[in-house]
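What follows is the residue order along each chain.
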Amino acid sequence: MEKTFAIIKPDAFAAGNAGKILDRIYAEGFKVVGLKKIYLSKVEAEGFYYVHKERPFFAELTDFMSSGPCVVMALEAENAIMKWRDLMGATNPADAAEGTLRREFGTSIGENATHGSDAPETAAFELGYFFSGMELL
Ligand code: CMP
């Protein structure tokens, strides 16, 4: 079993789509081992996305991620990292396949409804950024 880190981003949360996204997560067979609603500060968003700090969209990305509440989750499944990325679809909702979360709930490359870790090392950092070990029992 593998764990990955996932976010229901501020756009999807504000639009009232958190419940629908959770329904899809359970329907696909993930175990939700951690879940909380949080409201990131700009500094917390910058710390989370520090790997993108040199990118031209960094300010836009961290402004957006600190613009409203979101839901952070630890998801467990076999091949959870790849399985969650498949369910999310491509980063840009315009390129995401039919039936994926970003296609259904995302509106732009920035406001793309969900986030997911892209590798085991990233998942370890991202899970640890938001959850203590005790919260994932
Ligand atoms: P996410 O999976 O959260 O990881 C980094 C995020 O940066 C990505 O989703 C996009 O929402 C965002 N992103 C990537 N490219 C751009 C871009 N060109 N403009 C704005 N945001 C972007």
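The structure displayed is predicted, hence computed values, not measured ones.

K.L.:
Before we move on, could you go through the environment of F30 and cite the residues and values that matter?
P.N.:
Examined against the element boundaries, F30 turns out to sit in the loop between α2 (18–27) and β2 (31–38). A relative accessible area of 4% places F30 in the buried class.

K.L.:
Go over the site of the ligand, please, and point to the residues and values.
P.N.:
For the ligand, the full set of nearby residues is K9, Y49, H52, F57, E60, L61, T91, R102, I109, G110, N112 and H115. The contact in question runs from an oxygen atom of the ligand to an N or O atom on the side chain of K9, over 2.7 Å. At a separation of 3.2 Å, an oxygen atom of the ligand approaches a polar side-chain atom of N112. Relative to its unbound accessible surface of 460 Å², the ligand loses 80% to contact with the protein. Judged by its atoms lying within 2 Å of the grid points, the ligand is housed in the largest pocket. A per-class count over the shell around the ligand returns 4 nonpolar, 5 polar and 3 charged.

Reading guide: rules and limits
- Residues numbered from 1 in each chain as written.
- Predicted model: local features only at pLDDT ≥ 70, side-chain atom pairs only at ≥ 80, totals over all residues.
- Heavy atoms only, no water.
- Helix = DSSP H or I, 4+ residues; strand = E, 2+ residues; numbered from the N terminus.
- Buried < 20%, exposed > 50% of the residue type's maximum accessible area, 1.4 Å probe, protein only.
- Near = heavy atom within 4 Å.
- Polar contact = N/O pair within 3.5 Å; in protein donor to acceptor, adjacent residues only side chain to side chain.
- Areas by Shrake-Rupley, 256 points an atom, 1.4 Å probe, with all protein chains shown as cover.
- 1 Å grid on protein atoms, 1.4 Å probe; cavity = no way out; pocket = protein on both sides within 12 Å on 5 of 7 lines; lining within 4 Å.
- Sits in = over half its atoms within 2 Å of the grid points.
- Nonpolar A, V, L, I, M, F, W, Y, C, P; charged D, E, K, R; others polar.

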